[in-house]
Structure formats: structure tokens, C-alpha cells
Amino acid sequence: MKRRGSLLIWLDKEMIWLAPPEGSPGRPAVFADAAIQFCLTIKVLFKLPLRQTTGMVASLLKMAGLDWAVPDYTTLCRRQRTLAVQIPYRRADGPLNLLVDSTGIKFLGDGEWQARKHGVQGRRQWRKVHLAMDTATSDIRAVEFTSSSDGDSPVLPELLNQIAEDEEIGTVTADGAYDTRRCHTAIIDRQATAIIPIRKNGRPWKEDCAAAIARNETLRATRHYGRAFWKRWTGYHVRSRIEAKMRCLKAFGERIAARHPDSQTAEIQIRIALLNCFSALGTAEIVRVG
């Protein structure tokens, strides 16, 4: 935990800072994607505007003894829309156990304190972030960024598609909003087990597919033993870990600075990359006393 607060920025002098020449028509890019992602990472980490980001990156390169050029704020703003962010993650031994949830994040309008104190002034808009976290490493393995009007269940197949086909998925834990045929079918297609509570008014499905059969088994177990016992028996309460990860995501700011949807996606992905780097540095060990 102490290493997360240490002010140590290590720059790889072998990093590809300038983009390689290409034969495609048009003006070639000057800076590589790694350079753009590094600058935007500094921006997100220290909550800086783009112009202040360029100044801080220039200072870091000078202290490191590197005479590399620094992208200007216009280049960063333009390249952020098309940047393919590289998100590091660790692969644990055994099947992958995923925790899935979503949260809203604001990008336009007054803050919560100002809205409570003075009332809502003007329009407020949110976006929705969908995450899939590995329980073994606490790394975010899949992320989707949608509008606030999109539901949770249609996004789950897209999250599972981000996991490599050769990687085995053991369980997928989510709340009752994912109790749909689309979600159960996507989980069964990956040969995984769904740990999804049945909705309060849930009824048996017609057993015309493997997903419906597995879901009806959960419904029968819930009715026979009770929802509380089923949640303890399946380990459903571990889903609280991804809710805590949502709070960590918003520790970089309650709102996103970008306005273009593609730039907003890149900003969220950079936050995820930082969270995975923090998890790799170390996590707290919780020991039950008494």
C-alpha cells in the first residue's frame, strides 16, 4: 500500500516514443501510441488539464535526461479519440472467475454537492461503465462504455467476448439485472457457471436450451433453500468487491473531462489501466480477528 503513494516515475528509454514511418497517404503521425497513452496517463493520474499535462511531461522527461519532444495539447486531444489503450492485466492459475457490474459517471452538469445546496442548474448527463473483474487478481479484465440509457444485460456478451477464447471461464457473478436469456446463453456458450440471483417475480423458463435448464435449477434451489442460503452457498456476496472497485474508479474524479464519446472511452480505459497497475503493486491483506 505504501508503494502506491511513492512518487517514482520510471521511464523506459527503449520505449517507442516516435511513430514509425508509414507509406499510407496523409500526414504521418509524429508520436507513437505509447507516448500518447503515457501523457494521458499523467493527465488522469494527477487530474490535470491538457496544457498542464504537456508541461508536467516535459519536466519529467527533462529530469530523466531525455530530449524527447512532447505532444502539444491539440495532438493529445485529437489522438485520444483514436487511441487503442493498452490495459495490462495478470492471468491467474485455474479458471477465470468474473464479477460483473456497472456504474454511472458524470461528464456534464453540476456536482452533487452543488445540486443539493443550490438545486440543479442546467442539464446533467451521465455515461455508464460496465466492468468485469477477476476475483483472483482484482484486475479489470473487460470494460464497456455506453450511454446512460443502455441496460446492463445487453452488454454482458460484449464483456465476455473481450476474454480470449483459449482462457477458461469458471463462474460469472452478477446481480438480478442480468437474469435474462441473453446473459445466461452467453455464459453457457463460454462453458461457465452463472451465479445470478433470480428476480423476485421470476418464473420458470421453457427448458428449450441449456441456459434455461441451468437457470431453472437456480430457481428451484432458491425456492427450496431460500435466497439468503443460496447466496451464502454460491459465494454471491463476493460481488461486493467489484462495487468497491467502482469507488476506486471514481477516485480519479467524479466526472470525466472529455466530451467526445471516443475520447471518453479512452479516458475510462486509462483509468482501468491505472487501477490494474495499482493492483499489481500490492493489495491489502484482510485478516479476520475474533
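Residues numbered from 1 in each chain as written. Predicted model: local features only at pLDDT ≥ 70, side-chain atom pairs only at ≥ 80, totals over all residues. Heavy atoms only, no water.

## Comments concerning the packing of aromatic side chains
This is how the line gets drawn: Between 30 and 60 degrees the pair is tilted, below 30 it is stacked and above 60 it is edge-to-face, where a pair is any two Phe, Tyr or Trp rings, Trp via its six-membered ring, whose centres lie within 6.5 Å. With a 1.4 Å probe rolled over the protein chains alone, any residue whose accessible area is under 20% of its type maximum counts as buried; one over 50% counts as exposed, and the rest are partly exposed. When the NZ atom of lysine or the CZ atom of arginine is within 6 Å of a ring's centre and also within 35 degrees of its normal, the charge is said to sit over that ring.
Across all of its chains, the model carries five aromatic pairs by this definition. Ring centres of Trp230 and Tyr236 lie 6.2 Å apart, and the angle between their planes is 40°; on these two criteria the pair is classed as tilted. Of the two residues, Trp230 and Tyr236, neither departs from the other in class, the shared state being buried. Counting every residue linked through ring pairs, the aromatic cluster contains Trp17, Phe38 and Trp68. A cation over an aromatic ring shows up here: Arg215 above the ring of Trp205, its NZ or CZ 4.2 Å from the ring centre.

## Considering a nonpolar patch on the surface
Definition in use: Residues form patches when they are more than 30% accessible in relative terms and have no salt bridge. Like charges link within 9 Å. Nonpolar side chains (Val, Leu, Ile, Met, Phe, Trp, Tyr) link within 5 Å. Accessible surface area values rest on a Shrake-Rupley calculation with a 1.4 Å probe, where residue burial reflects the displayed protein chains alone. When a carboxyl oxygen of Asp or Glu is within 4 Å of a side-chain nitrogen of Lys or Arg, the pair counts as a salt bridge. For the purposes of this entry, the term helix denotes a DSSP run of H or I that reaches at least four residues, the term strand denotes a run of E that reaches at least two, and both are numbered from the N terminus.
On the surface, Leu7, Ile9, Leu45 and Phe46 cluster together into a nonpolar patch covering about 350 Å² of accessible area. Looking at where Leu45 falls in the secondary structure, it is placed in helix H1 (residues 33-46). Residue class for Leu45 comes out partly exposed when judged on its relative accessible area of 32%.

## Focus: the sheet that holds strand E4 (residues 169-173)
Each strand in a sheet pairs with its neighbour through backbone hydrogen bonds, running either in the same direction (parallel) or in the opposite one (antiparallel). As a reminder of what qualifies: If DSSP finds at least two bridges between two strands, the strands pair. Only the contacting stretch of a helix is used when fitting its axis, a line to C-alpha atoms as for every element, and angles between N-to-C directions run 0 to 180 degrees.
Strand order in this open sheet of five strands is E3-E2-E1-E4-E5, and the pairing throughout is mixed. Each edge of the sheet is formed by a strand with only one pairing partner; in this case those strands are strand E3 (140-147) and strand E5 (193-195). Within the sheet, the average angular offset between the axes of one strand and its neighbour, ignoring direction, is 25°. Of the strand pairs in this sheet, strand E1 (residues 96-108) and strand E2 (residues 125-134) are connected by ten bridges, and their pairing is antiparallel.

## Looking at the pairing of E2
Counting buried residues in E2 gives nine out of ten residues, a clear majority hidden from the surface. Direction of pairing for E2 relative to E3: antiparallel, over a ladder of seven bridges. For Val129, the partnering residue across the bridge sits in E3 and is Phe145. The hairpin formed by E2 and E3 contains five residues between the paired strands, and Ser138 there has a positive phi angle of roughly 65°.

## Description of H1
To keep it simple, the criterion reads: By this rule the span expected of a helix is its residue count minus one, scaled by 1.5 Å. Pairs of residues are marked as contacts when any of their non-hydrogen atoms sit within 4.5 Å.
In this model H1 runs 20 Å from its N-terminal to its C-terminal C-alpha over 14 residues, within 8% of the 20 Å that 1.5 Å per residue would give. Buried residues of H1: Ala35, Ile36, Gln37, Phe38, Cys39, Leu40, Thr41, Ile42, Lys43 and Val44, and no others. Turning to H1, the residues buried within the fold contact helix H2 (50-63), helix H3 (73-80) and helix H10 (261-281). Just downstream of H1, Lys47 is the residue with a positive phi angle, here 55°.

## Notes on the confidence of the model for the chain
Where we set the bar: Confidence scores here are pLDDT values: one per residue, from the predictor, ranging 0 to 100.
Per-chain confidence: the chain averages 89 in pLDDT, with 93% of residues scoring 70 or above. Model confidence for the chain, summarised as mean pLDDT per element, is weakest for helix H4 (residues 112-118) at 67 and strongest for E4 at 97.

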